[in-house]
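# Residue-level structure breakdown
Each chain, letter by letter, is given below.
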Amino acid sequence: MAVGSTAVPAALKRKHRRETARTLAFLSPWLIGFGFFFAYPLISTVYFSFMRYDGFTAPTFNGLKNWDYVFNHYPFFWQGLRNTLWLVVVMVALRVAFGLGIGLLITKLKTGVGFFRTAFYLPYLAPPVAATMAFAFLLNPGTGPVNHLLGDLGLPQPGWFTDPSWSKPALTMLAMWGIGDLMVIFMAALLDVPKEQYEAAELDGAGPWQKFRYVTYPNISPIVMFAVVTGVIQTMQYYTQAIVAGKVASGVIGGSGQQFEPGYPHGSTWTLPQMVYNLGFQRFDTGSACVAALVLFAISMAVTSLLLRRRSGFLSSED
Amino acid sequence: MHSPRRSRRTAAAVTGSAVLALLATACTGTNSAGGTDDSASGKDVTITFWHGWSQENETKAIQANIDTFQRLHPNIHVKVVGDIADDKSEQALRAGGPDAPDVVSSFSTDNVGKFCSAKVWADLNPLLKKDGIDPARTFPAAMLKYSQFEGSQCSLPLLGDSYGLYYNKTAFAAAGITAPPKTFSEFDADAVKLTVADGDGYKQLGFMPTYHGYESAPSRYLGQYGASYFGGAGKSNIATDPRVAAMFTWQKNLIGKLGGFDRLEKYRSGFGDEYSAKNPFETGQVAMSIDGEWRTASIAEDKVSFDWATAPFPVPDDQADTYGRGYQTGTIIGIARTSRKQAASWELVKYLTTDTDAVVGFANAIHNVPSTIAALGSPKLDADPNFRTFIDIARNPASDTTPASINGGAYQISIQNLGYAYESGKQSDLAAGLAASAKEIDAAIDQAK
Amino acid sequence: MTVTTMTRPTTASPSTTTAAAGAARRRAVLHWVAVHSVAVAAALFFLLPFVFVFLTSVMSDRQALTGDLWPHQWQWGNYLKVWQTPGFLGWWRNTLLYAGLGTLLTIVSSLPVAYALAKFRFRGRNLALMAVISMMMLPPQVTVIPMYLFWAKQLHLTGSLWPLIIPMAFGDAFSIFLLRQFLLTIPKEYVEAARIDGCGELRTLLRVILPMARPAVAAVALFQFFYCWNDYFGPQIYASENEGAWTLSYGLESFKGAHHTDWNLTMAATLLVMAPVIVLFFFAQKAFIEGVTLTGVKG
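Not measured: the values here are computed from a predicted model. (Residues numbered from 1 in each chain as written. Chains lettered and ligands numbered in written order. Predicted model: local features only at pLDDT ≥ 70, side-chain atom pairs only at ≥ 80, totals over all residues. Heavy atoms only, no water.)

## Brief notes about the overall build of chain A
What counts, and what does not: Secondary structure elements follow DSSP: runs of H or I of four or more residues count as helices, runs of E of two or more count as strands, with numbering from the N terminus. Residue burial is assigned from relative accessible area. The probe radius is 1.4 Å, only protein chains are included, and a residue is buried under 20% of its type maximum, exposed over 50%, and partly exposed in between. Whether two residues are in contact is decided by their heavy atoms, any of which lying within 4.5 Å being enough. Methods summary: accessible areas were calculated by the Shrake-Rupley approach with a probe of 1.4 Å, and residue burial reflects only the protein chains presented. Just so you know, the count uses Lys and Arg for positive and Asp and Glu for negative, and it drops His and the chain ends. Taken as the charge location is NZ of Lys, CZ of Arg, CG of Asp or CD of Glu.
Helix and strand counts for chain A stand at 13 helices and two strands. Considering only C-alpha atoms, chain A reaches an extent of 85 × 70 × 30 Å along its principal axes. The 319 residues of chain A split such that 60% are buried. Restricting the contact set of chain A to residue pairs at least 6 apart, pairs at least 24 apart contribute 65%. If you sum the accessible surface of chain A, you get close to 12,200 Å²; carbon and sulfur atoms cover 64% of it. Seen as two clouds, the 22 positive and the 15 negative side-chain charges of chain A have centres 9 Å apart.

## What about the side chain of B:Asn65?
Relative to the assigned elements, B:Asn65 resides in helix H2 (residues 56–72). Given a relative accessible area of 8%, B:Asn65 falls into the buried group.

## Structural notes on the interface of chain C and chain A
One frequent convention defines the size of an interface as the accessible area lost when the parts assemble. The test is simple: Defined here as a combined quantity, buried area equals the accessible surface (1.4 Å probe) lost by two parts on assembly, summed across both. Here, a salt bridge means any side-chain nitrogen of Lys or Arg that lies within 4 Å of a carboxyl oxygen of Asp or Glu.
Facing 115 residues of chain C, the contacting portion of chain A comprises 108 residues. Approximately 9,900 Å² of surface area, both sides summed, lies buried where chain C meets chain A, with 76% of it carried by carbon and sulfur atoms. Counting across the chain C and chain A interface gives two salt bridges. For C:Glu201, the salt bridge is made with A:Arg22, and the minimal N-O distance between the two is 3.2 Å.

## Remarks on the nonpolar core
The following threshold applies: In plain words, nonpolar cores are sets of buried Ala, Val, Leu, Ile, Met, Phe, Trp, Tyr and Cys residues tied together by side-chain atoms within 4.5 Å.
If you look at the biggest cluster of nonpolar residues, it comprises 202 residues, and the most contacted ones within it are A:Trp30 and A:Phe120. For this core, the element with the highest residue contribution is helix H3 (residues 88–119) of chain C, accounting for 13 residues. Ignoring anything within four residues of it in the chain, the contact list for A:Trp30 reads C:Val113, C:Ala128, C:Ala131, C:Val132, C:Met135, C:Phe170 and C:Ile176.

## Some points on the pattern of salt bridges
Under the defined criterion, the tally for this structure stands at 20 salt bridges over all chains. Overlapping salt bridges, with partners in common, bring together B:Glu90, B:Arg94 and B:Lys114 in one network.

## Description of unusual backbone geometry
A cis amide bond links A:Tyr264 with the next residue in sequence, A:Pro265, at an omega value of -10°. Along the chain, the position of A:Pro265 falls in the loop between helix H11 (240–250) and helix H12 (272–282). A positive phi angle is found at A:His266, which is not glycine, with a value near 50°. Position of A:His266 relative to the elements: it lies in the loop between H11 and H12. You can call A:His266 buried: its relative accessible area is 14%. Even without being glycine, C:His156 reaches a positive phi, approximately 50°. If you trace the backbone, C:His156 turns up in the loop between helix H5 (140–154) and helix H6 (162–165).

## Some words on the side chain of B:Asp291
Residues and elements named next belong to chain B. Heads up, the rule is: Identification of polar contacts relies on pairs of N or O atoms within 3.5 Å, with a donor-acceptor requirement for protein atoms, meaning one able to donate a hydrogen and the other able to accept it, and with residues adjacent in sequence counted only if both atoms are side-chain atoms.
Among the secondary structure elements, Asp-291 is positioned in strand S7 (residues 286–292). Side-chain polar atoms of Asp-291 contact the side chain of Arg-295, separated by 2.9 Å. Ignoring anything within four residues of it in the chain, the contact list for Asp-291 reads Ser-162, Tyr-163, Gly-164, Tyr-166, Glu-215, Glu-274, Asn-279 and Phe-390.

## Here we look at the domain arrangement of chain A
In plain terms, the rule: The split into domains, and so the bounds of each, comes from an automatic or database assignment of domains.
Annotation of chain A at the domain level lists domain 1 (10–48) and domain 2 (77–240). Taking only C-alpha atoms, the centre of domain 1 of chain A and the centre of domain 2 of chain A are 40 Å apart.

## Digging into the environment of B:Tyr166
Residues and elements named next belong to chain B. Residue position: Tyr-166 is located in strand S4 (residues 156–168). Spatially, the C-alpha atoms of Tyr-166 and Ser-289 are 5.2 Å apart, while their sequence positions differ by 123 residues. Here Glu-293 takes part through its backbone oxygen, which lies 3.5 Å from a polar atom of the side chain of Tyr-166. Polar side-chain contacts of Tyr-166 include one of 3.2 Å to the backbone nitrogen of Thr-296.

## As for a nonpolar patch on the surface
Residues and elements named next belong to chain C. The test is simple: Note on patches: the residues involved have over 30% relative accessible area and no salt bridge, like charges join within 9 Å, and the nonpolar side chains Val, Leu, Ile, Met, Phe, Trp and Tyr join within 5 Å.
A cluster of nonpolar side chains, contributed by Val-40, Leu-44, Leu-48 and Val-51, occupies part of the molecular surface with about 290 Å² of accessible area. If you trace the backbone, Val-40 turns up in helix H1 (residues 18–57). Judged by relative accessible area, which is 41%, Val-40 ranks as partly exposed.

## Structural notes on the packing of aromatic side chains
Selection criterion: The rule is short: rings of Phe, Tyr and Trp, with Trp giving its six-membered ring, pair when the centres are within 6.5 Å, and they are stacked under 30 degrees, edge-to-face over 60, tilted in between. Comment: the charge-over-ring label is applied if NZ (Lys) or CZ (Arg) is within 6 Å of the ring centre and within 35 degrees of the ring normal.
Under the criterion given, the structure shown has 83 aromatic pairs over all chains. The interplanar angle of 45° and the centroid separation of 5.8 Å between the aromatic rings of A:Phe26 and C:Tyr115 together place this pair among those described as tilted. Here the residue A:Phe26 occupies a position in helix H1 (residues 10–48), and C:Tyr115 occupies one in helix H3, the pair thus bridging two chains. For C:Tyr115, a relative accessible area of 0% corresponds to the buried category. Note on B:Trp53 and B:Phe362: the rings are 5.3 Å apart at their centroids and 70° apart in plane angle, and the pair reads as edge-to-face. Here B:Trp53, found in the loop between strand S1 (45–50) and H2, pairs with B:Phe362, found in helix H16 (residues 356–366); they are 309 residues apart in sequence, far enough to count as distant. B:Phe362 shares its class with B:Trp53; the two are buried. The ring of B:Tyr422 has B:Lys252 lying over it, and the distance from NZ or CZ to the ring centre is 5.2 Å. Its end group placed over the ring of B:Tyr202, B:Arg263 keeps NZ or CZ at 4.9 Å from the ring centre.

## What about the domain arrangement of chain B?
Residues and elements named next belong to chain B. Domain parsing of chain B yields domain 1 (39–161 + 329–395) and domain 2 (163–327 + 404–448). Taking only C-alpha atoms into account, the centre of domain 1 sits 28 Å from that of domain 2. Listed per partner, the contact involves 22 residues of domain 1 and 29 residues of domain 2. Each partner contributes to the roughly 2,000 Å² buried at the junction of domain 1 and domain 2, and carbon and sulfur atoms together form 56% of this total. Between the two partners, domain 1 and domain 2, sit zero salt bridges. Inspection of the domain 1/domain 2 interface yields six residue pairs in polar contact (both at pLDDT 80 or more). The set of elements that each furnish at least two residues to the side of domain 1 that touches domain 2 consists of helix H4 (112–117), S4 and helix H18 (385–395). Ranked by the residues each element gives to the side of domain 1 that touches domain 2, the list is headed by H18, at six residues.

Pasting the structure below:
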């Protein structure tokens, strides 16, 4: 501490020491948590990424072999990266646009606001496994009600979760169904836009689009940015819906001797986090699983640093 | 962005030596190499047995066997847990906690190589020797082959499975077919004849050829071709063995004859659970299916509404003389190396795998192929001709199994994935696909070594 | 809550002629119809899945496979069947234990940390905050391998939910962050006044700050409860090998595995898993929406 010079009276020094002790005491649960559930496993992950370890016999040094395997030979690595990128671009963009649209819609409503708000919010509450299960049923190509309706209307009936070109769009639809969180955030931001600015724009003869472009958007753009960045981070972690949809649609969920095909159909729902599970808990190749984990870590931290830079408000404090 | 990096470095300093100490212990692990127990001296011992059977008739049959065992060994109590998937039991065995099982069985012989080489399952050779059991004179050669890996007998066969053709005799009569097909060209023709379209779907499908159609996996079809998986130096030879390419081509052609991939997949999404009365063969959704011998028991129990029979699955036209063969596999059972109750566990394994009455009784109850030489010749074995078909397939010298591999069934997943890509048209160049899969298999095996 | 009072009167200019006023009114009516039509269409998108799931859940096995929308006969017994599935009650108990205990531990351990980060001045505070944010953004898969090895090999606690519950006694990054964002909005005069009255920091936190932060604590509790309730990855890793430790989210998947195309039963189970969170929402709607707003807007 910079103030630790000899000129400082002993009383002040004592106070300082007391304050440090107090701070440490308040922070202690998290300091332990940080060391134990963040720093330790990270270091350990780096360590294991250079080891051959099957979780059973003692680990042996393996050099760069795991890294080489994951990047150059593991058949699902680039596919997982490509899928994750697809989801980051399409799913996040559509979710933000849709969330903003629904938020705008709510602010324009004059009747039944409470009903519509609840209706739009409700799907967000559905647990991911349950929501995915529901969609797997609704979109089941042979027997689901959605294709039944599409058939009645004479429209084409996609294979949804069983068709590699429709499985990610189906997951995107599921993500858009649970838009409640973004809707509420956008709604609050939209209501914070000063009314005077709209009135001034109206006096200048601005139409609805111009009002959105020159009044609404500049006011809510930090929130849009926030939604995009957190959306990207959430999508990096995209796991449950993808794996459950794949298992349900392929019909292979459990039972001895059955092997689940990763990312069914044709690896189209295969994402980075699933790689860690597949390598670590199905192949028991701890080293390669740690390599995959570190790739995931590097990408997540890159996105997080973007968040920290763009939203300095994250770090704001009162003094 | 320098701050997060700095924070990590700070964190590393804060946690310091404590972390390193932890790391050190995590590396060495605390694997007990197992131990024995006092069951031999008559003390009470409880062992845990995990298996994968889930159908009611099967769980009842295994429980009956366990009950008999407990009567013979009143001091050994067996806690049975069913419906356990292989990766779950493997995870538990590697973790080695107090709830981990002592005795484990698996339907998949694929994992024998992995279990043996990683020493997840204990080598049973010393125990066999101690009790004077000669494996070669007790178990059929093929079954003995798939239960060991590189000299370690880390599992024993607990009943075997062979694969054949199930056909709906009522539907055959309606379509004017008098005998089950013996070659693939006959089979394809029959499958088309038995298919009744219903608008965009099917009223009845002759056969579901796609690789997701339950037992219609590449390994089962390849069994009819007698294809080899690995050549010299343990390298995959799926790209060089013409029988592999022939299988992929035959299956793809059949898909075309039956209405195309998309239509078949849509129909498949309405299939019920394989291991239930809603199996598409039992409901009449398909008129023929490739399946294991256990289905004979389920069909009898579920009382289907049509006449049915079994036969060996057809073979390629150019190998017509091998008719009668079939894909061969089986259930295996072993002892967790971490088990502290090896003596009691061995008693259970020994009883289930070598006691002729137990093996025959269990085989009859769940209609599996018995797995000892004595039991195969037992007069008590069920005489039902539909069941006997599979005993004959098991005895056929041309019947073969999928070889054990150090990384388990990973090579079969690679072949399966190629199959999915090829049948759906995503991969159109078969030769290139086979070459890429062979490379993928070799790299994965290399990584596991 | 501003959200509920959002109808904004459209004021017409007072100097317009009656004809113009009529046109404006017609436009307003058309606008009303257009906006509400879009809203109804959107509501159908959001609500119909629930309706279909419910209708299917009371169909017969066979009808659930037909794509029919309306049940021929209402089989309420499906719910009883699901309820009587072996293990189903256990999944409920485990989920409640995980979510309840996890939430409690999270609040108790996170509140002091958030308070220190918001109200204490100390060197390295921004660094600590950045570390919290980094932890918050960390995908759970990154650290799972060593953590699993630790719980399995050192403590032999796999096959239970404890590896998921115990870490919550050591602060949850997201909860810390959220609470800190809220505590920032409490003027420091309150804290100073309490200090002058001779309160220790802990008493200040409990007597002065906690009552003011109740909405934020409620929101954090709800989020954490939901997180645990919805968690699939955690139970899959740590509890899957022991059926006695399964949670609803994990069990639901295996329920589907065991019943395959008995979609009626699977949908009944799905609704039963959804129901508690939805009921909870109606009781705690306000805290919820405030909480979501807090994640995005404040700070």
